[in-house]
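One-letter residues, chain by chain:
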Amino acid sequence: SLVEEIHRLYRAAGCDAVETNSFGCTRYKLEHFGLAALAEELARAAAAAARRVVGTEGYVLGSAGPTGVFPEPYGEEPPEAIRKVVMKVRVALLK
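Residues numbered from 1 in each chain as written. Predicted model: local features only at pLDDT ≥ 70, side-chain atom pairs only at ≥ 80, totals over all residues. Heavy atoms only, no water.

Notes on the packing of aromatic side chains
Right, on to step 1. Summed over all chains, the structure comprises 0 aromatic pairs.
Right, on to step 2. The ring of Tyr-28 carries the charged tip of Arg-27 above its face, separated from the ring centre by 4.5 Å. (Phe/Tyr/Trp six-rings, centres within 6.5 Å; stacked < 30°, edge-to-face > 60°. Lys NZ or Arg CZ within 6 Å of the ring centre and 35° of its normal.)

Some remarks on the pattern of salt bridges
Right, on to step 1. Using the criterion set out here, one finds 5 salt bridges in the structure.
Right, on to step 2. Between Glu-4 and Arg-52 there is a salt bridge whose closest N-O contact spans 2.5 Å. On the criterion of sequence distance, the pair formed by Glu-4 in helix H1 (residues 2–12) and Arg-52 in helix H3 (residues 39–54) is long-range, its members being 48 residues apart.
Right, on to step 3. For Glu-4, a relative accessible area of 11% gives the class buried.
Right, on to step 4. Of the charged contacts in the structure, one is a salt bridge between Arg-8 and Glu-5, with a shortest N-O distance of 3.4 Å. Here the residue Arg-8 and the residue Glu-5 both occupy positions in helix H1, the gap between them amounting to 3 residues, near one helical turn. (Salt bridge = Lys/Arg side-chain N within 4 Å of Asp/Glu carboxyl O. Helix = DSSP H or I, 4+ residues; strand = E, 2+ residues; numbered from the N terminus. Buried < 20%, exposed > 50% of the residue type's maximum accessible area, 1.4 Å probe, protein only.)

This is the structure in structure tokens:
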């Protein structure tokens, strides 16, 4: 895939770590594209792509933010709800 090729290029340039292509991979961000239900699946796929390239000779850095929403009292979302959404993505990146 294109993402894996980009990871390979970073490795070839000498990077010991690659970052997952999951920035903004939260239900909140993906709602705008009708993909909210796929947030965890997309995070797992991003981590798997990075792991395929890195193998056992490097590090995969998981990216989970931002959410694009503000917690109460600045926004409408309770802080605990935001935390749960971000934690679901973080856990998915570890699988």
